[in-house]
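Structural overview
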Number of protein chains: 2
Amino acid sequence: MISWNNLDTLTSFQELSKTKQVNLAEVMSGENGAERVKNYSVPMAAGLAYNYAAKKVDDEVLAALVKLAEEAQLADKFKALYNGEVINTGEKRLVLHHMTRGQLGDPVTADGVDKRTFYVEQQQKIADFANKVHAGEITNAAGEKFTTVVQIGIGGSDLGPRAMYLALENWAKKNGTFKMEAKFISNVDPDDAAAVLNSIDVAHSIFVLVSKSGTTLETLTNESFVKDALKNAGLDASKHMIAVTSETSPLAKSADYLAAFFMDDYIGGRFSSTSAVGGAVLSLAFGPEVFAQFLDGAAEEDKLSASEEVLKNPEMLDALIGVYERNVLGYPATTVLPYSQALSRFPAHLQQADMESNGKSVNRFGEPVNYPTGPVLFGEPGTNGQHSFYQLLHQGTDIVPLQFVGFKNSQIGTDVVIEDSTSQQKLCANVAAQIVAFACGKEDENRNKNFEGGRPSSIIIGDQLDPKALGALLAHFENKIMFQGFLWNVNSFDQEGVQLGKVLAKKVLAHETDGALKVYSDLLNI
Amino acid sequence: MISWNNLDTLTSFQELSKTKQVNLAEVMSGENGAERVKNYSVPMAAGLAYNYAAKKVDDEVLAALVKLAEEAQLADKFKALYNGEVINTGEKRLVLHHMTRGQLGDPVTADGVDKRTFYVEQQQKIADFANKVHAGEITNAAGEKFTTVVQIGIGGSDLGPRAMYLALENWAKKNGTFKMEAKFISNVDPDDAAAVLNSIDVAHSIFVLVSKSGTTLETLTNESFVKDALKNAGLDASKHMIAVTSETSPLAKSADYLAAFFMDDYIGGRFSSTSAVGGAVLSLAFGPEVFAQFLDGAAEEDKLSASEEVLKNPEMLDALIGVYERNVLGYPATTVLPYSQALSRFPAHLQQADMESNGKSVNRFGEPVNYPTGPVLFGEPGTNGQHSFYQLLHQGTDIVPLQFVGFKNSQIGTDVVIEDSTSQQKLCANVAAQIVAFACGKEDENRNKNFEGGRPSSIIIGDQLDPKALGALLAHFENKIMFQGFLWNVNSFDQEGVQLGKVLAKKVLAHETDGALKVYSDLLNI
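Comments concerning helix α8 (residues 190–199) of chain B
All names here are of chain B.
- Summarising burial for α8: seven of the ten residues are buried, a large majority.
- Burial in α8 covers these residues: Pro190, Asp191, Asp192, Ala193, Ala194, Val196 and Leu197.
- Among the residues of α8, the N-terminal cap falls to Asp189, whose side-chain oxygen and the backbone nitrogen of Asp191 are separated by 2.9 Å.

Dropping the structure here:
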């Protein structure tokens with residue numbers, strides 16, 4: 001029987017709070033440090049590994065974390081989720097994004113259909129469609145091939161798919177699976193759509209309109225923007241657009257689209273990269289086989305997340321350590337630092353996935369919690385970040401836990417040897433150096449050049465960022481966020497905090513305002 | 001006489017700490033709220049205005065902030081800085097980036113020359129060079145015009161110029177001043193340079209190598225990368241490259257470059273957008289007149305920053321409120337949210353400018369401080385952010401002060417009317433709505449739909465993001481950071497925290513490691 005309890009009511013959390021804090025600089029020094037790096041590592045899918053040697057944990061803390069995982073019933077709660085219980089209690093919905101990439105448990109029936117079958121069918125429909133586009137069987141009105149795909153969506157319909165596209169663009173070009181360039185229109189700022197439209201050949205572009213409800217203001221506005229552009233170019237918009245939406249949305253059966261592919265209410269926008277939301281644009285850009293490999297990587301990682309053995313479950317362990325850092329050590333923010341230019345927008349996607357899921361002040365019963373929940377999350381790729389905000393991370397007054405990602409090999413493979421090392425080696429040398437610099441620091445008589453150390457980090461290491469590794473990486477963070485939501489006892493799958501702004505914006509546009517809002521509206525010429 | 005004291009030793013700071021906290025939801029309601037929005041506004045340069053109505057200040061807090069500014073001698077310290085005192089005490093350097101855009105005070109002589117004259121000469125040399133490139137007087141070896149400029153630089157040589165380029169790209173295209181596309185290579189990840197090189201026509205590209213010291217590892221490595229590509233294309237690299245560096249660097253007089261333009265040690269990388277570092281690439285991309293307008297906007301804002309009247313000095317006021325939020329109210333992070341897609345990378349630039357400047361734990365005498373200094377800073381453009389991390393900002397357990405930016409008009413001017421409003425009106429309506437939603441909140445019996453409010457924000461409002469407005473906006477944040485450094489009594493102009501990582505990375509590449517670092521190196525195949 002599952003019981004949902006606040007973190008601070010758990011005996012194991014009280015015990016965790018009493019463990020002795022690890023002196024990171026000390027344990028990471030010498031041979032002891034070398035042993036930690038070898039031992040504090042968990043295999044992930046696709047050849048990745050999660051290494052937490054530079055976290056402030058030791059056997060005592062880890063034992064307390066295992067107890068916490070057990071008392072909080074993390075494995076059981078995930079099981080309930082993938083077996084189809086109503087985990088999104090606020091919106092009374094199942095949470096089924098894992099099912100877009102595999103069947104972890106029992107078959108789940110909803111809306112009168114088996115959901116795994118439903119998601120696979122949508123993927124198959126997308127694959128058929130994409131193959132026909134690539135083969136020139138689906139073309140523009142002039143019978144010419146489409147050369148560009150443009151995703152129109154915002155939030156989860158934008159950040160995840162865009163980050164995944166950028167992550168695999170160069171890999172696909174190198175490996176001969178690159179089919180067409182993808183662009184993204186998201187912001188209601190008219191300059192966003194206008195700039196993208198100015199940069200493409202609309203006559204050879206296919207647009208993917210993504211809105212689960214079919215009512216997202218930004219997305220429908222940008223659709224009109226695009227339709228105007230197509231019309232002005234003398235083109236029939238309905239021959240250039242497909243929709244990704246729910247079956248019940250107004251877009252689902254419209255003649256305005258070449259085709260419609262479906263997601264449903266059981267997949268939150270920020271967890272939709274492995275659904276049709278990511279599937280359409282990524283299959284068009286790279287081919288359905290690449291998208292399938294991406295799903296395989298995620299499915300394999302999901303299986304590891306389902307393990308009850310905490311120390312062999314990378315997502316559960318990462319989640320637990322994060323909660324320890326947030327709720328015992330008191331660190332207010334975290335940063336994701338991929339040493340891979342291809343992951344340049346991966347932190348922006350995680351920023352949504354994490355902050356929108358767990359940035360909550362009430363538990364799943366609507367009662368205020370007495371402890372901090374989701375932290376601020378930010379990040380940029382290394383080595384760029386080293387020349388930007390790392391100063392604060394090394395010597396600032398706040399400690400910010402770090403999540404590194406690194407790969408042994410580059411994607412394109414073009415490289416240059418300077419001073420006896422390749423750029424890829426320099427990249428990897430930098431991330432290794434940073435972990436130790438943050439953990440161990442370095443004393444200096446000049447306090448301005450002194451490094452205290454004691455700044456914890458983890459690293460996920462892989463061979464190369466390929467579709468499967470990317471899927472595993474995505475699933476890692478998605479599932480980590482889910483487990484943290486279980487620990488904080490919040491509903492990670494709704495987002496009521498975005499509603500008030502929408503309501504007030506409508507009032508402004510209807511000129512139904514007074515007081516401060518009226519004056520701001522006047523100042524902004526609305 | 002200037003005296004440098006820690007924040008917590010100032011009587012006025014103790015007094016500020018005792019002021020009554022403003023109930024933001026209350027003061028922003030009704031007619032009182034409307035009056036605040038009208039009154040709590042300071043004019044900036046280029047028609048911008050800084051509005052702080054939604055900050056937790058009232059006449060009592062403002063009076064305390066004015067006293068703090070006076071006791072901390074903010075105006076005198078800025079005066080000392082622009083009159084050429086050694087404000088960067090750690091590195092024993094003057095701090096002269098303001099002089100790249102104007103002469104605020106006395107002439108300053110250093111290295112035997114008048115520095116204002118020196119910076120103007122460099123700008124003139126760049127303008128002449130850019131004009132010749134645009135006129136086809138400087139061409140590739142085949143006598144063909146250059147069509148693309150590629151900046152090679154990292155940190156301050158990348159983030160600022162890149163953010164400024166993106167901010168003005170569409171404006172320049174719309175206003176007929178767009179000369180050539182700019183690209184940027186920064187990361188030592190070989191996939192960064194390879195992808196950029198694959199995306200351009202190298203035969204018609206001119207590269208700007210930017211390194212003050214001429215020794216930045218990433219930049220020199222990427223230079224070799226580019227030279228290889230030029231050589232492989234049968235081209236003479238020296239006919240495709242210019243350098244931006246200091247006069248004493250190895251790059252300064254090299255025959256490897258078509259031309260060299262100079263900056264100096266008195267301009268930190270993160271404050272170099274208005275120097276030759278931004279000047280070369282922006283003048284080539286948009287023409288020197290556009291760069292000159294950008295400098296004019298910054299110069300005008302600098303003049304406002306020099307005002308001793310705190311309540312008429314937008315930068316001083318913003319800095320003071322930020323310190324109040326950080327050191328009295330205890331907020332650990334801040335976010336910059338431009339409602340302008342063109343400013344998509346402006347927060348990334350500010351992330352460096354702010355976190356690298358003030359992420360310090362020791363004062364300018366090398367003594368540890370007992371209070372928090374620079375906060376974590378992050379941001380993404382609105383309305384995108386609303387569909388991403390705003391959930392946490394509205395309903396999370398931490399309060400994160402917000403810095404909005406909004407413009408009445410778009411840059412491109414193409415727009416569409418949906419439901420009686422343009423996209424630009426929707427964009428502006430959203431930012432107005434967000435300010436009020438964050439400040440006032442909204443009670444709901446369902447605690448999950450409840451908004452506590454009391455979340456402070458400011459907004460900078462302008463007519464349109466043009467070069468002058470961009471210059472003013474940049475100078476605003478640069479000077480805000482400087483004043484905060486004065487308040488925290490830290491040296492905002494060095495960055496010793498980036499050194500240790502560099503040293504350890506070299507050891508890894510030289511295979512001179514042991515312990516944990518050796519094992520990480522092995523895991524990453526170095």
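Notes on the packing of aromatic side chains
Residues and elements named next belong to chain A.
- Counted by the stated rule, this structure contains 38 aromatic pairs over all chains.
- Their ring planes at 10 degrees and their centres at 5.0 Å tell us that Tyr40 and Tyr52 sit as a pair that is stacked. Residue Tyr40 is located in the loop between α3 (30–39) and β1 (41–43), and its partner Tyr52 is located in the loop between β2 (49–51) and α4 (59–71); the two are separated by twelve residues in the primary sequence.
- Of the residues examined, Tyr40 reaches a relative accessible area of 12% and is grouped as buried.
- Taken together, the ring pairs in this structure connect Tyr339, Phe378, Phe389, Tyr390, Phe404 and Phe438 into an aromatic cluster.
- One residue, Arg364, lies across the ring of Trp4, its end atom 3.9 Å from the ring centre.

What about the environment of Gly297 of chain B?
Residue and element names in this part refer to chain B.
- Looking at the secondary structure, you find Gly297 in helix α11 (residues 288–305).
- Gly297 sits in the buried class, given a relative accessible area of 0%.
- If we skip the residues at most four places from it in the chain, Gly297 touches Ala45, Lys468, Gly471 and Ala472.

What to know about the sheet that holds strand β5 (residues 148–152) of chain B
All names here are of chain B.
- Reading across from one edge, β6-β5-β7-β8-β9 is the order of the five strands in this open sheet, with parallel pairing throughout. Every other strand in the sheet has two partners, leaving β6 (181–185) and β9 (259–263) as the edge strands with one partner each. When the angles between neighbouring strand axes are averaged without regard to direction, this sheet yields 20 degrees.
- Two elements, strand β8 (residues 241–246) and β9, share five bridges in a ladder whose sense is parallel. Opposite Val244, over in β9, you have Phe261 as the bridge partner.
- This element, helix α7 (residues 159–174), spans β5 and β6 of the sheet and lies at about 155 degrees to β6.
- Taken strand by strand, α8 contacts β5, β6 and β7 (205–210), and its axis lies near 160 degrees from that of β6.

Cut-offs and rules
What you see as residue numbers is a count from 1 along each chain, following the sequence as written. Chain labels run from A onward and ligand labels from 1 onward, assigned in the order the entries are written. The predicted nature of this model means local features are confined to residues of pLDDT at least 70 and side-chain atom pairs, given and counted, to a pLDDT of 80 or more, with totals for whole chains, interfaces and linings taken over all residues. The basis for every side-chain value is the complete set of heavy atoms in the structure, and neither hydrogens nor water enter the calculation. Exposure categories follow from relative accessible area, calculated using a 1.4 Å probe and restricted to protein chains: below 20% of the type maximum is buried, above 50% is exposed, and the middle band is partly exposed. Helix and strand labels come from DSSP, where a helix needs a run of H or I of at least four residues and a strand needs a run of E of at least two; each type is numbered from the N terminus. Residues adjacent in sequence count toward polar contacts only when both atoms are side-chain atoms; beyond that, a polar contact is any pair of N or O atoms within 3.5 Å, and within protein one must be able to donate a hydrogen and the other to accept it. Stacked, tilted and edge-to-face pairs are distinguished by plane angle, under 30 degrees for stacked and over 60 for edge-to-face with tilted covering the rest, among Phe, Tyr and Trp rings (Trp via its six-membered ring) whose centres lie within 6.5 Å. Geometrically, a lysine NZ or arginine CZ counts as sitting over a ring once it is within 6 Å of the ring centre and also within 35 degrees of the ring normal. Here, residues are in contact when the closest pair of their heavy atoms is within 4.5 Å. Strand pairing is assigned whenever DSSP identifies at least 2 bridges connecting the two strands. For every element, the axis is a line fit to its C-alpha atoms; helices are fit only across the contacting stretch, and the angle between N-to-C directions ranges from 0 to 180 degrees.

So yeah, pure geometry; function would need other evidence.
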